[in-house]
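Single-letter residue listing:
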Amino acid sequence: MPEKKIKIKVQNLNREKKSSKIKKVKKTKIALLVGRKPKVAIVSLTSCEGCQFALLDLGQKFLDFANSVEMVDFRLIEDEIDRGKKLDVVLIEGNPVTAENIKTLKNARKRSKLLVAMGNCAAMGGVPEIKNYQEKTNTIKHIYKYLQGIYNPEIKEIDNFVKVDFVFPGCPINAQEFLQYMPELLVGKIPIIPDSPVCVECKKAGNRCLLLDKKPCFGPMILGGCNAVCPSAGMMCQGCRGLRPNGNVSAMRATLKNMMTEEEFENVSEIYGLRDDIEEKSVKMI
Ligand code: SF4
Ligand code: SF4
Ligand code: SF4
């Protein structure tokens, strides 16, 4: 065999050895991470449980996920007592309203490597936060005849009590996103949801933009990932997935001025706890 060919063969052999070494290292690293099943808990505070049901709606796909982890606590699928084991990932749904909720939340943080807000209520206060913007007694008097002795605290997002590592946005969450991002969380990585507005998916769906017909929509300033379900059904996006990190809130507000009054803008932004985030962002932008 000519010398040149032998040289190339040796180089190829070295390359193969090197790549199999890299593969081995990668395999070992992954094996270390998945040497045991990651321990996961899904904990619900005060909520409608809609986000948990969004997971159950995945059917077999959710059962496959549940089999790939050690599900330490998820009250919708088992009634075994949670023995307080250490966790890799805990998902929190709902609002910390009662003293018991706050204790559960703080305890979950202590037990888990990663804590994830699951849905709009946990991340942004959600629909219950509407009462923060109204005079509190005005809202509860629609429910209780006698107000004396009724505990009526202000609604707060979970990050007022504990560090939050990641948020699954939406009301309810997008269960496909759960399947997409959980594998990263299970190996201790924090996923990044692309900063893309609802409008991108809305355009992909072939919808005519509501703004063109002078109908209001929050889409441009809201984080996409919901397949633009509301505008696809002819309804404005009300922002349940929260503000985009780089959305231009002031420009959006100026655009919507021709389509809704300031009061209407505030009312819509209260539905999913968006109002305080908008106010905070507007202050920062000034
Ligand atoms: S985010 Fe929506 S679906 Fe999820 S718990 Fe809150 S109200 Fe229910
Ligand atoms: S309808 Fe709303 S979400 Fe769709 S393109 Fe227009 S502003 Fe964006
Ligand atoms: S379109 Fe807007 S309100 Fe509707 S699900 Fe998506 S983010 Fe939420």
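Refer to the structure above for everything that follows.
For the structure given in this document, a descriptive report is provided here. Please read these numbers as outputs of a predicted model, since none were measured by experiment. (Residues numbered from 1 in each chain as written. Chains lettered and ligands numbered in written order. Predicted model: local features only at pLDDT ≥ 70, side-chain atom pairs only at ≥ 80, totals over all residues.)

Here's the deal with the site of ligand 1
Inspection of the region around ligand 1 gives 13 residues, with Gly50, Gly119, Cys121, Cys171 and Pro172 positioned closest. Listed by contribution, the elements that provide at least two residues to the shell around ligand 1 are helix 2 (50-56) and helix 5 (120-124). When the residues that make up the shell around ligand 1 are grouped by side-chain class, the tally is six nonpolar, six polar and one charged. (Near = placed C-beta within 6 Å. Helix = DSSP H or I, 4+ residues; strand = E, 2+ residues; numbered from the N terminus. Nonpolar A, V, L, I, M, F, W, Y, C, P; charged D, E, K, R; others polar.)

Quick word on the nonpolar core
One finds Val89, Val90, Ile92, Val116, Ala117 and Met118 to be the most contacted residues of the largest nonpolar core, which totals 56 residues. Residues from two domains meet in this core; each of domain 1 (39-186) and domain 2 (198-285) gives at least three. Apart from the residues lying within four places of it in its own chain, the contact partners of Val116 are Val89, Val90, Leu91, Ile92, Asp165, Phe166, Phe168 and Leu185. (Core = buried A, V, L, I, M, F, W, Y, C linked by C-beta atoms within 7 Å. Buried ≥ 20, exposed ≤ 12 C-beta atoms within 10 Å, placed from the backbone. Domains from an automatic or database assignment. Contact = placed C-beta atoms within 7 Å.)

Some details on helix 12 (residues 262-271)
Among all positions of helix 12, only Val268, Ser269 and Glu270 are buried. In the segment just after helix 12, Gly273 is the residue with positive phi, at about 70 degrees.

Concerning unusual backbone geometry
Put simply, Cys171 and Pro172 share a cis peptide bond, and its omega is 0 degrees. Relative to the helices and strands, Pro172 resides in the loop between strand 5 (166-168) and helix 8 (175-186). In this structure, Asn227 is a non-glycine residue whose phi angle is positive, near 60 degrees. Among the structural elements, Asn227 can be located in the loop between helix 9 (198-204) and helix 10 (229-232). At Ala228, a residue that is not glycine, the phi angle is positive and equals roughly 50 degrees.

Re helix 8
For helix 8, built from twelve residues, the straight-helix expectation of 16 Å at 1.5 Å per residue is met to within 8% by its first-to-last C-alpha distance of 16 Å. Of all the residues in helix 8, the buried ones are Ala175, Phe178, Leu185 and Leu186. The buried side chains of helix 8 occupy one side of the element, clustering within an arc of 80 degrees when seen end-on. Buried residues belonging to helix 8 abut helix 2, strand 3 (87-93), strand 4 (112-118) and strand 5. (Expected span 1.5 Å × (residues − 1). Arc of directions from axis to C-beta.)

A look at the site of ligand 2
Close contacts around ligand 2 come from 14 residues, with Cys199, Cys202, Cys209, Cys217 and Gly219 the closest. With four residues, helix 9 is the single largest residue contributor to the shell around ligand 2. Among the residues forming the shell around ligand 2, the class breakdown is eleven nonpolar, two polar and one charged.

Some words on the environment of Leu105
Note that Leu105 resides in helix 4 (residues 99-111). Spatially, the C-alpha atoms of Leu105 and Val90 are 9.8 Å apart, while their sequence positions differ by 15 residues. Not counting residues within four places of it along the chain, the set of residues in contact with Leu105 comprises Leu45, Ile92, Pro96, Ile158, Phe161 and Val162.

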